[in-house]
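# Residue-level structure breakdown
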Amino acid sequence: MTRELENYLLAYADEKNYRFPSDILIVIEKNRDIKVGDLRIEAKLDEEHVRKVEEPKKNSHTAIISPEEAAELGLYSSGEEAFLLQVETGSKFSIDRDLVKIGRLEDNDIIINDPSVSRHHAELSREGPTYIIRDLGSTNGSKINQSPMREAILEDEDCITLGKTDFIFRS
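Read on for an overview of the structure.

Here we take up the pattern of salt bridges. Inspection of every chain in the model, using the stated rule, returns seven salt bridges. Linking Asp109 and Arg97 is a salt bridge whose minimum nitrogen-to-oxygen distance equals 2.6 Å. One end of the pair, Asp109, is in the loop between strand 3 (99-103) and strand 4 (110-111); the other, Arg97, is in the loop between strand 2 (92-95) and strand 3, with twelve residues separating them in the sequence. When its relative accessible area of 37% is taken as the criterion, Asp109 is described as partly exposed. On the basis of relative accessibility, which here comes to 40%, the residue Arg97 falls in the partly exposed class. Between Arg126 and Asp98 there is a salt bridge, with its nearest N and O atoms 3.0 Å apart.

Written out as structure tokens, the structure is:
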């Protein structure tokens, strides 16, 4: 079972372009303090086995590269555009520009027919590979994973609540 979990973790990390500083090791142990059906996961870094990173050369320079070049180098994926999935309806809203406005009025890029959503509720901005959501002073507020927020950096699979409407962010 541990090998299967390690393989799954490595495949998921590879899919998301995550890199581990050392090999991973999964150990399953009994713990009588945890009730049946519950699971506790602990992660730690074994400093002795961390891979060494080469020091930059003395005359190295920072390079400015395009998003396409960054994607080619594996620095971030420029694949399918990010989108919001409305939980209740299953509607998919593409985030296909650098600034996407969300609210009840027709002048928004994403129009939400929900009286708890403000006329101009929030905006999503893309800055390179990063997506940021900002509440625009809405009446009923915005949440990320059930925590109130005014501004937040989005991660894949975050749950966004605008008023009473829930979305899943996918990138």
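Having put the structure on the table, let's press on.
Let's shift gears to a nonpolar patch on the surface. A cluster of nonpolar side chains, contributed by Met1, Leu5 and Ile28, occupies part of the molecular surface with about 340 Å² of accessible area. With respect to the helices and strands, the residue Leu5 is situated in helix 1 (residues 2-15).

The strand order across the open sheet built from six strands is 2-1-11-10-7-8, with neighbouring strands paired in antiparallel fashion. At either end of the open sheet lies a strand with only one pairing partner, and these are strand 2 and strand 8 (147-149). If you compare each strand with its neighbour and ignore which way they point, the axes differ by 30 degrees on average.

Calculation notes
- Residues numbered from 1 in each chain as written.
- Predicted model: local features only at pLDDT ≥ 70, side-chain atom pairs only at ≥ 80, totals over all residues.
- Heavy atoms only, no water.
- Salt bridge = Lys/Arg side-chain N within 4 Å of Asp/Glu carboxyl O.
- Helix = DSSP H or I, 4+ residues; strand = E, 2+ residues; numbered from the N terminus.
- Buried < 20%, exposed > 50% of the residue type's maximum accessible area, 1.4 Å probe, protein only.
- Patch = residues over 30% accessible without salt bridge, like charges linked within 9 Å, V, L, I, M, F, W, Y side chains within 5 Å.
- Areas by Shrake-Rupley, 256 points an atom, 1.4 Å probe, with all protein chains shown as cover.
- Pairing = 2+ DSSP bridges.
- Axes fitted to C-alpha atoms, helices over the stretch in contact; angles between N-to-C directions.

Structural measurements only, silent on function.
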